[in-house]
Number of protein chains: 2
Amino acid sequence: MPKLEFWYDFASTYSYLSAMRIEALAAAAGVEIAYRPFLLGPIFKAQGLDTSPFVLNPVKGEYMARDIARIATNRGLAFHVPEPFPAHSLLAARIGMIAEEEGWIGAFTRAVFDAEFAGRANIAAPETIAQAVAGLGHDPAQVLARAGSDAVKSALRSRSEAAAGKGIFGAPTFISEDGELFWGDDRLEQALAWTGRIDNRPG
Amino acid sequence: MPKLEFWYDFASTYSYLSAMRIEALAAAAGVEIAYRPFLLGPIFKAQGLDTSPFVLNPVKGEYMARDIARIATNRGLAFHVPEPFPAHSLLAARIGMIAEEEGWIGAFTRAVFDAEFAGRANIAAPETIAQAVAGLGHDPAQVLARAGSDAVKSALRSRSEAAAGKGIFGAPTFISEDGELFWGDDRLEQALAWTGRIDNRPG
């Protein structure tokens with residue numbers, strides 16, 4: 001089955017929209033999703049921005065909240081803008097690296113996004129993440145301890161560097177096996193169609 | 001018939017995508033389009049940017065060119081990135097103000113965008129604009145002379161100030177009669193659906 005990489009930051013509002021629908025759309029398109037949590041912060045820093053563009057440009061930030069509220073309503077999803085915004089996503093991303101390795105990244109991603117954008121939980125709080133981990137049948141104490149290890153820290157740093165190397169400048173970003181890059185929840189259908197076609201090419 | 005305002009800058013690549021399809025989609029939705037040419041430059045300046053975000057962030061600019069090329073191909077449209085980018089759209093916008101007043105703005109808008117993004121013409125050159133004007137059966141010498149009048153200059157300045165006042169931060173932007181703002185070619189269908197619904201509300 002052809003694979004599509006889904007690159008996202010746990011603080012990203014538009015990534016929430018994609019995470020909550022990507023599995024259903026991917027199944028319909030015959031595509032497998034490879035979850036790639038990363039940190040947007042270093043990428044924004046390299047662009048000379050010290051926080052989210054939605055904070056630096058409040059008019060755009062206000063529009064984003066309205067845009068997502070409209071889309072979320074159409075999709076039957078709850079949505080609120082976290083406070084503070086953007087949420088501090090480092091802990092979630094580190095645990096995402098573990099979940100990816102152990103094969104429970106899809107469910108973990110949905111649990112964290114749901115807690116953050118629907119449940120109004122603070123994803124920087126270890127309790128929030130522990131609850132998500134426990135809800136998936138894993139041992140929160142063990143997983144949280146591992147999140148502080150040098151190996152996990154370093155894996156996440158490499159992941160975020162890889163994102164920059166691939167030309168990623170925002171989230172969500174979808175990358176096909178032949179290196180085609182699609183940015184934004186509104187390009188998810190296009191990314192899946194592109195990826196599905198790879199499989200149908202003559203051998 | 002409910003109206004939808006279509007705010008655009010003649011240098012805007014995503015506005016090109018919208019201009020070439022908006023009439024067909026609007027007719028299908030039972031919506032009338034009110035063309036609102038304006039200048040993005042002053043809005044970017046107010047954000048602290050001295051040119052297009054696609055120039056300031058070359059990685060994003062490169063992505064934009066690829067994103068539009070993919071979409072244009074799907075829609076059977078030609079597309080190239082003008083040189084220099086962004087094009088200098090002041091003259092086209094001033095004549096847009098005249099065309100809007102005289103009722104030939106839709107056709108003029110398509111002619112200019114087609115010349116710029118398909119025909120590789122420089123829209124800052126009076127010859128390019130004169131050709132578009134003549135192609136629509138108007139007298140280029142007369143129209144170009146009027147474009148230099150204080151009345152037209154001032155009307156365009158007011159228009160661009162009005163854009164900022166409405167919370168516009170990019171182009172294309174669509175605004176419904178009840179003040180709902182949609183940004184980007186990828187929100188055109190949503191804007192038309194929203195606007196069409198206004199007409200169906202109980203009186």
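Because the structure is a prediction, the values reported are computed rather than measured.

Undergrad: I'd like to hear about the interface of chain A and chain B, residue by residue, with values.
TA: The interface of chain A with chain B comprises ten residues on the first partner and ten residues on the second. Broken down by secondary-structure element, the contributors of at least two residues to the side of chain A that touches chain B are α5 (58-74) and β4 (181-183) of chain A. In terms of residue count, α5 of chain A provides more of the side of chain A that touches chain B than any other element does, three residues in total. When grouped by side-chain class, the residues that make up the side of chain A that touches chain B number five nonpolar, three polar and two charged.

Undergrad: I'd like a rundown of the relation of the copies chain A and chain B, residues and numbers included.
TA: Superposition of chain A onto chain B requires a rotation of 180 degrees combined with a translation of 0.0 Å along the rotation axis, giving an RMSD of 0.0 Å. Here the two chains are linked by the operation of a two-fold rotation axis. Across chain A, the smallest distance between a C-alpha and the rotation axis is recorded for Asp-186 of chain A, namely 3.6 Å. The share of interface residues of chain A whose copies in chain B are also at the interface is 100%, consistent with both copies meeting through the same surface.

Undergrad: Run through the pairing of strand β3 (residues 173-176) of chain A, naming residues and quoting values.
TA: Residues and elements named next belong to chain A. Here β3 shows a buried face lined by Thr-173 and Ile-175 and a second buried face lined by Phe-174 and Ser-176. Relative to β3, strand β1 (residues 3-8) is paired through four bridges, and the arrangement is antiparallel. From the neighbouring strand, Trp-7 faces β3, where its bridge partner is Thr-173. Bridging between β3 and β4 involves three bridges; their strand directions are antiparallel. Bridging from a neighbouring strand, Phe-174 pairs with Phe-182 of β4. Linkage of β3 to β4, two consecutive antiparallel strands, is achieved through a turn of four residues, within which Gly-179 is found at a positive phi near 85 degrees.

Undergrad: Explain the nonpolar core to me, and be specific about the residues and the numbers.
TA: Counting residues in each nonpolar core, the largest one holds 57 residues, and the members touching the most others are Leu-4, Trp-7, Ala-92, Ile-95 and Val-112 of chain A. The residues touching Ile-95 of chain A, leaving out its near neighbours within four places in the chain, are Ile-129, Val-133, Val-143 and Ala-147 of chain A. Counting residues in hydrophobic clusters, the runner-up holds 56 residues, among them Trp-7, Leu-17, Ile-68 and Ile-129 of chain B.

Cut-offs and rules
- Residues numbered from 1 in each chain as written.
- Chains lettered and ligands numbered in written order.
- Predicted model: local features only at pLDDT ≥ 70, side-chain atom pairs only at ≥ 80, totals over all residues.
- Contact = placed C-beta atoms within 7 Å.
- Helix = DSSP H or I, 4+ residues; strand = E, 2+ residues; numbered from the N terminus.
- Nonpolar A, V, L, I, M, F, W, Y, C, P; charged D, E, K, R; others polar.
- Least-squares fit on C-alpha atoms with pLDDT ≥ 70 in both.
- Buried ≥ 20, exposed ≤ 12 C-beta atoms within 10 Å, placed from the backbone.
- Pairing = 2+ DSSP bridges.
- Core = buried A, V, L, I, M, F, W, Y, C linked by C-beta atoms within 7 Å.

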